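What follows is the residue order along each chain.
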Amino acid sequence: MSGLFENSTVSRVQQANDIVDIIGEHVSLSKKGREMVGLCPFHDDHRPSMYVNPAKQIYKCFACGAGGDVFKFLQLRENLTFPQVIERLAERAGIKIKPLKQAKARQKREFEKVDPNRLAKANTWAAKYFQQNLSDKQKGKSARDYINERKISPESVKKWQIGLAVSNDDLVKTANARKASIDMLIKAGLVTAQNHDKFTNRLMFPITDVTGRAIGFGGRTLDGADAKYINSPTTVLFEKSNCLYGLEQARHQIVSTGQGVVVEGYTDCIMAHQLGCANVVATLGTSLTSGHARLLKRYAKKIVLVFDSDTAGIEAANRALEICLAQRIDIKVACVPEGKDPCDFLLAAGKEKFEHLVENATDVFQFKWNRLNESFNSDDTLTGKRRAIEEFLQTVATAVSAGNLAAIDRGLIVNRLSKIIALDSKQINAELARRTTRGQRTLAYNLQNQKVTSVELPQGYIAAAQKEILEVLLNEPGLYETSKQKITTDLFDVPILIQIAVILLEMLNEKPSISLTEILARVESVEAGNLIVQLAESGEKKGNFQTRLNGALEAIQQYRQHKKKSDIKSIKDENKFLERFIENAGRRNPRNMGMT
Ligand SMILES: [Zn+2]
């Protein structure tokens, strides 16, 4: 729950925005029976896999498993938070919304109260001022020397609006003299709370969003300060891990080539564009994050990461693997040879060589495998090979656990792995299953007190029974009334299922009958929304609600008794218990225990 708006307001906004209209603005939909179908924007879809159900007001992709209500669609598609989507759709429908009373609204972080447009204006004002500094005969001299040395052309300086922050609180003084708002400059992170300039003696790179608004800055030191680069702090406009430098300039080329090339540094990006490689963007000196990938995925089908060979570590590859799986986007990796950064390489080798490097980038799985092979010398020894395989599968398993992966993707990955490490896909499947089950358990426990980010559920017995209960209640909420005493949130121990159960039971205690969209309107996380749609659907297919509910409740009870007597110590025991229980349950009730 957002905690920011009344539940009734949220429902009203949901009802006022027809899901077919909203999704229709992003995807071309055509009628198929009682539903609408279109190409899913969340995976590389070639035949329409996304169904929009006007009656239920939900959408669902049968290939990648994405699903939810109108809010979840926009959250995922536009990378917005739940409150942001509510605000936008309220505005669209002409509904005036007011946030809840102060006490609750206090959760809203301080910076969110800042008007983003005023903040962008303050940044734009500062950017202009920094540019004046750079072109100033005296003030800008040494900075211009540096720019010349780095072979950044005057056209690029202009195109990227490069500027200069000087010393002696120059910005604060000028702002005072010109009656600009110091308060906004403080909020933009350009001035400290003590009224001093934050950036001094730095080359300033304004960071824009896709609409060209100045949302922040990167500043490179010109006097050898400790931090080579510093960025604007997080504001309502700017969050480092969700911004890409150059996206505004690169996006058209990214769309037309289907490929986004990612470098780390500002100058790398500028130099690429200067030499005509216009589909290049830069992370702000960090590794690629999920946020970056999600943003890029709106424009690109493929991502090529270009590492400086120095930094191209296993670390970065691991993270890229995880992102590739979680975001369902192809990631390739290329390394600049001879320890250069991409900027130097571009200057020395030219456009064609850089393009060649990008074209010959290695699939991230293969990249990881090559690196492991090198480190274990596995060409030489059998043990080396074995260790490389072990480690490789473990990395992939971890990534699989972290990234919410549909069965279909898992199949594709197993095939891919099978080709890379020349191991039978059956064997890989088994190894991966073993490792992900373990991984997911750890993950589930680690997530107890955190925001749940994965819908991949533990495969174990108890989780299946918990899922079963939710499947039934989502389809037949009326059954809650009769088993109220037995159905409590204590039954659940998988974080994302707890999250759903808490909301569902709270609503069922308010009224006996609720619709899927009503539940979805109360759930803030995209992942939980997604799972709710999945559960509702699998439950609907299974039917047989009363029997299934009783079976699942009994199963959990039995399990707990056995656990108390410590008959169950490991997953293996748990699976044995599951088999026995299903057999017995089958004898009692032939059709009721298909716990999948
Ligand atoms: Zn899809």
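Structure shown above.
The shown structure was predicted, so the numbers you read here are calculated from the model rather than taken from an experiment.

Visitor: Can you help me understand the overall build of the protein in this one?
Guide: For the protein, the helix and strand inventory stands at 26 helices and 14 strands. For the protein, buried positions account for 51% of its 596 residues. Excluding contacts between residues fewer than 6 apart, the proportion of contacts in the protein whose partners are at least 24 apart in sequence is 67%. For the protein, the accessible area works out to roughly 28400 Å², and carbon and sulfur atoms hold 48% of it.

Visitor: Just checking my understanding: could you explain the packing of aromatic side chains for this structure?
Guide: To describe a pair of aromatic rings, one takes the distance between the centres and the angle between the planes. For the coordinates displayed, the defined rule picks out 15 aromatic pairs. Relative to Y129, the ring of W125 lies with its centre 6.1 Å away and its plane at 10°, an arrangement referred to as stacked. Here the residue W125 and the residue Y129 both occupy positions in helix α6 (residues 116–135), the gap between them amounting to 4 residues, near one helical turn. The class for Y129 is buried, based on a relative accessible area of 4%. Every member of this aromatic cluster is reached through a ring pair, and the members are W160, F205, Y229, Y245 and Y266.

Visitor: Would you explain the nonpolar core in this entry?
Guide: In summary, soluble globular proteins display a tendency toward joint burial of nonpolar side chains. Counting 61 residues, the largest nonpolar core has F130, I162, L190, Y245, V306 and F354 as its most contacted members. Here the element with the most residues in this core is α6; it accounts for 8 residues. V262, L288, L296 and A316 belong to the second largest nonpolar core, which has 46 residues in total.

Visitor: What should I look at first to understand the pattern of salt bridges in this one?
Guide: Note on pairing: side chains with opposite charge can pair once their charged atoms come close. Counted according to the given criterion, the structure contains 19 salt bridges. Of the charged contacts, one joins E355 and K351 as a salt bridge, the two residues approaching to 3.7 Å between their closest N and O atoms. Of the two residues, E355 and K351 are both situated in helix α15 (residues 342–359); the distance of 4 residues between them amounts to about one turn of the helix. K351 gets classed as partly exposed once you look at its relative accessible area, which sits at 29%. Through salt bridges with shared partners, a single network forms among E468, E471, K542 and R548.

Visitor: I would appreciate a short explanation of the sheet that holds strand β2 (residues 35–38) in the present structure.
Guide: What links the strands of a sheet is backbone hydrogen bonding, and the strands pair in either a parallel or an antiparallel sense. Judged by pairing direction, the sheet is antiparallel, and its 5 strands sit side by side in the order β1-β2-β3-β4-β5 without closing on themselves. Taken across any chain shown, the strands that pair with only one partner, and hence form the sheet edges, are β1 (30–32) and β5 (67–68). Pairing of strand β3 (residues 50–53) with strand β4 (residues 58–61), which is carried by 4 bridges, proceeds in the antiparallel orientation. The residue bridging Y51 from the neighbouring strand is K60, located in β4. Of the strands in this sheet, β3, β4 and β5 touch helix α3 (residues 70–78), which is tilted by about 50° from β4.

Visitor: I keep staring at the coordination of the zinc ion and nothing clicks. Help me out?
Guide: Put simply, a metal with four donors set out as a tetrahedron has ideal angles of 109.5 degrees, and one with six donors set out as an octahedron has ideal angles of 90 or 180 degrees. Looking at the zinc ion, one finds its protein donor set to be C40 (SG), H43 (ND1), C61 (SG) and C64 (SG), positioned 2.1 to 2.3 Å from the metal centre. Note that the zinc ion binds 4 donor atoms; their angles at the metal cover 101 to 117°, and the shape is tetrahedral. Along the chain, the residues that donate to the zinc ion are spaced as C-x2-H-x17-C-x2-C. One end of the pair, H43, is in the loop between β2 and β3; the other, C64, is in the loop between β4 and β5, and 21 residues separate them in sequence. Residue H43 shares its accessibility class with C64, and that shared class is buried.

Visitor: Please clarify how the packing of α6 against helix α9 (residues 170–177) should be interpreted in this entry.
Guide: To characterise two packed helices, one gives the angle between the axes of the helices and the distance between these axes. Remark: α6 packs on α9, axes separated minimally by 12 Å, with the N-to-C direction vectors making an angle of 115°. For the pair α6 and α9, the crossing hand works out as right-handed. Residues W125, Y129, F130 and N133 of α6 touch α9, and the partners they reach there are D170, L171, T174 and A175. When grouped by side-chain class, the residues that make up the contact of α6 with α9 number 5 nonpolar, 2 polar and 1 charged.

Visitor: Quick question: what am I supposed to make of the pairing of β4 here?
Guide: Each regular strand displays side chains that alternate between the two surfaces of the sheet. Of the two faces of β4, the one carrying I58 and K60 and the one carrying Y59 and C61 are both buried. Taken together, the 2 bridges between β4 and β5 define a ladder with antiparallel strand orientation. If you follow Y59 over to β5, its bridge partner there is G68. Remark: 5 residues form the turn of the hairpin made by β4 and β5, two consecutive strands paired antiparallel; G65 in that turn has positive phi of roughly 85°.

Visitor: I keep staring at helix α1 (residues 7–16) and nothing clicks. Help me out?
Guide: Taken as a whole, α1 has its buried residues at T9, V10, V13 and Q14. For α1, the angular spread of buried residues about the axis comes to 140°, placing them on one side. More than 90 degrees from the buried face of α1, the exposed residues found are S8 and Q15. In this structure, the buried side of α1 is in contact with α3, α4 (82–93) and α23 (516–522).

Visitor: When you look at the pairing of strand β7 (residues 202–208) in this model, what are you seeing that I'm missing?
Guide: Most of β7 sits out of view: 7 of its 7 residues are buried. Here β7 shows two buried faces, one formed by R202, M204, P206 and T208 and the other by L203, F205 and I207. Connecting β7 to the antiparallel partner strand β8 (residues 214–221) that follows it, the hairpin turn spans 5 residues, and G212 within it adopts a positive phi of roughly 90°.

Visitor: Would you mind going over helix α7 (residues 141–149) with me for this structure?
Guide: Counting along an α-helix, one turn takes 3.6 residues, and residues three or four places apart therefore face a common direction. When we look at burial in α7, the residues that qualify are A143, Y146 and I147. The arc that holds every buried residue of α7, seen down its axis, measures 100°, which confines them to one face. Of the exposed residues in α7, those oriented more than 90 degrees away from the buried face are S142, N148 and E149. Of the surrounding elements, those touching the buried residues of α7 are α6, α8 (154–159), β6 (163–165), β7 and β8. Remark: K151 follows α7 within two positions and exhibits a positive phi of approximately 60°.

Visitor: It is not clear to me how the sheet that holds strand β12 (residues 302–308) should be interpreted in this structure. Could you clarify?
Guide: Strands sit in the order β11-β10-β12-β13-β14 across an open sheet of 5 strands; the sheet is mixed. What marks the edges here is a single partner per strand, and that holds for β11 (280–282) and β14 (362–363). Note: β12 against strand β13 (residues 330–336), 7 bridges, orientation parallel. Residue L305 lies in a different strand from β13, and its bridge partner there is V333. Sitting on the sheet, helix α12 (residues 266–274) touches β10 (259–263) and β11, and the angle it makes with β11 is about 165°. Sheet strands in contact with α15 are β10, β11, β12 and β13, and its direction is about 145° off that of β12.

Parameters and conventions
Residues numbered from 1 in each chain as written. Predicted model: local features only at pLDDT ≥ 70, side-chain atom pairs only at ≥ 80, totals over all residues. Heavy atoms only, no water. Helix = DSSP H or I, 4+ residues; strand = E, 2+ residues; numbered from the N terminus. Buried < 20%, exposed > 50% of the residue type's maximum accessible area, 1.4 Å probe, protein only. Contact = heavy atoms within 4.5 Å. Areas by Shrake-Rupley, 256 points an atom, 1.4 Å probe, with all protein chains shown as cover. Phe/Tyr/Trp six-rings, centres within 6.5 Å; stacked < 30°, edge-to-face > 60°. Core = buried A, V, L, I, M, F, W, Y, C linked by side-chain atoms within 4.5 Å. Salt bridge = Lys/Arg side-chain N within 4 Å of Asp/Glu carboxyl O. Pairing = 2+ DSSP bridges. Axes fitted to C-alpha atoms, helices over the stretch in contact; angles between N-to-C directions. Donors = N, O, S within 2.8 Å, 3.2 Å for Na, K, Ca; no water. Tetrahedral: all angles 85-135°; square planar, octahedral: opposite > 155°, others 65-115°. Left-handed = near helix turned anticlockwise from the far one by under 90°. Nonpolar A, V, L, I, M, F, W, Y, C, P; charged D, E, K, R; others polar. Arc of directions from axis to C-beta.

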